[in-house]
Amino acid sequence: MNSGIFLINKDKGLSSNKAIQKIKRRLDIKKIGHFGTLDPLAEGLLVCGINKGTKLSERFLNLDKSYFSKIMLGIQTTTDDSEGSVIEEKKIQVSEEEIIEMIKTFVGESKQKAPFFSALKYKGKPLYKHAREGRLIEKEPRDIKIYKILNIVVENAFVSFEISCSKGTYIRSIARDLGDKLGCGGHLVELVRLSQGKFELKDAKKVDDVQMSDLIHLENLSF
């Protein structure tokens, strides 16, 4: 029985679970799981364990990650991304330089509040399910670390950058918190996972293209 990991390039609009289930059916795999959810809005690297490779979940979940992110300022949403309903709209009354300087303040260690619509659980049920039923559960802020933020570009209401961060970091929360700090609100409109540990998006295959020959076998894995 083949065991190991696949590096998948998940498309936008596809849930992480649907992505791995498509692979499971197409390649007739007995057991499969992913190591870190990507929201349907997000795309990019999704690392999947196959058969005995699923036991590597905890090890992969502890790895640092990097992303390309794009935020829209001036609009706050219920989900902190473009899939939610608009809560408030405000004028952007800060300069490009002020936006860039504010983004840089996120580098380092901090405590972050997760979005109300997230996969974190409360009483055994994901927060997003509670939120859809009208209950907004606020979890205790979690310790995170932002290692670096690079290639910051400001274009009108949009801010894009590359970010390297510790496990458990929500980029949607950064979008929300950046908007709050600037006094205009903000939400995430684009997210691409570029890496997870030493594993990179450039080596990943699309869901419909991956083959068993792309499997990285357990004995060939190094972290």
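Quick caveat: nothing in here was measured; it's all calculated off a predicted structure.

A. Structural context of the packing of aromatic side chains. For the coordinates displayed, the defined rule picks out two aromatic pairs. With a centroid separation of 4.8 Å and 20° between ring planes, the pair formed by Phe 35 and Phe 60 is classed as stacked. Here the residue Phe 35 occupies a position in the loop between strand 2 (32–34) and strand 3 (43–50), and Phe 60 occupies one in helix 2 (residues 57–61), the gap between them amounting to 25 residues. On the basis of relative accessibility, which here comes to 0%, the residue Phe 60 falls in the buried class. Ring geometry for Phe 60 and Phe 199: centres 5.3 Å apart, planes at 40°, overall tilted. Taken together, the positions of Phe 60 in helix 2 and Phe 199 in strand 13 (residues 199–200) put the pair 139 residues apart, joining distant regions of the chain. Members of the aromatic cluster, joined through ring pairs, are Phe 35, Phe 60 and Phe 199. Taking NZ or CZ as reference, Lys 70 lies 5.9 Å from the ring centre of Phe 158, over its face. The ring of Phe 106 carries Lys 181 above its face, with NZ or CZ at 4.4 Å from the centroid.

B. A look at unusual backbone geometry. Phi at Asp 80 takes a positive value of approximately 70°, unusual for a residue other than glycine. One can find Asp 80 in the loop between strand 5 (75–77) and strand 6 (86–89). By relative accessible area, which is 6% here, Asp 80 ends up buried.

C. Examining the pattern of salt bridges more closely. A complete count under the given rule lists 10 salt bridges for this structure. A salt bridge links Asp 11 to Lys 206; the nearest nitrogen and oxygen atoms lie 2.5 Å apart. Pair noted here: Asp 11 is in the loop between strand 1 (4–10) and helix 1 (16–27) and Lys 206 is in strand 14 (residues 205–206), with a separation of 195 residues, a long-range link. According to the relative accessible area criterion, Asp 11 is partly exposed, its value standing at 35%. The partly exposed category is assigned to Lys 206, whose relative accessible area is 30%. The closest approach of N and O atoms between Arg 176 and Asp 177, which form a salt bridge, is 2.9 Å.

D. Main features of helix 1. Between its first and last C-alpha atoms helix 1 spans 17 Å; for 12 residues at 1.5 Å apiece the expected length is 16 Å, and the two agree. Contact partners of the buried residues in helix 1: strand 1, strand 2 and strand 3.

E. Broad picture of the environment of Ser 66. Along the polypeptide, Ser 66 turns up in strand 4 (residues 65–73). Along the sequence, Ser 66 and Ile 163 sit 97 residues apart, while their C-alpha atoms lie 5.4 Å from each other. Residues in contact with Ser 66, not counting those within four places in the same chain, are Ile 163, Ser 164, Val 192, Arg 193, Leu 194 and Ser 195.

F. Just the nonpolar core, in detail. Grouped together as the largest cluster of nonpolar side chains are 42 residues, with contacts concentrated most on Phe 6 and Ile 23. If we ignore the near neighbours within four places in the chain, the residues touching Phe 6 are Ile 23, Leu 27, Ile 29, Leu 46, Val 47, Cys 48, Ile 50, Val 210, Gln 211, Met 212, Asp 214 and Leu 215. By size, the runner-up hydrophobic cluster in this structure holds 13 residues, among which are Phe 35, Leu 45, Leu 56 and Leu 221.

Parameters at a glance
- Residues numbered from 1 in each chain as written.
- Predicted model: local features only at pLDDT ≥ 70, side-chain atom pairs only at ≥ 80, totals over all residues.
- Heavy atoms only, no water.
- Phe/Tyr/Trp six-rings, centres within 6.5 Å; stacked < 30°, edge-to-face > 60°.
- Helix = DSSP H or I, 4+ residues; strand = E, 2+ residues; numbered from the N terminus.
- Buried < 20%, exposed > 50% of the residue type's maximum accessible area, 1.4 Å probe, protein only.
- Lys NZ or Arg CZ within 6 Å of the ring centre and 35° of its normal.
- Salt bridge = Lys/Arg side-chain N within 4 Å of Asp/Glu carboxyl O.
- Expected span 1.5 Å × (residues − 1).
- Contact = heavy atoms within 4.5 Å.
- Core = buried A, V, L, I, M, F, W, Y, C linked by side-chain atoms within 4.5 Å.

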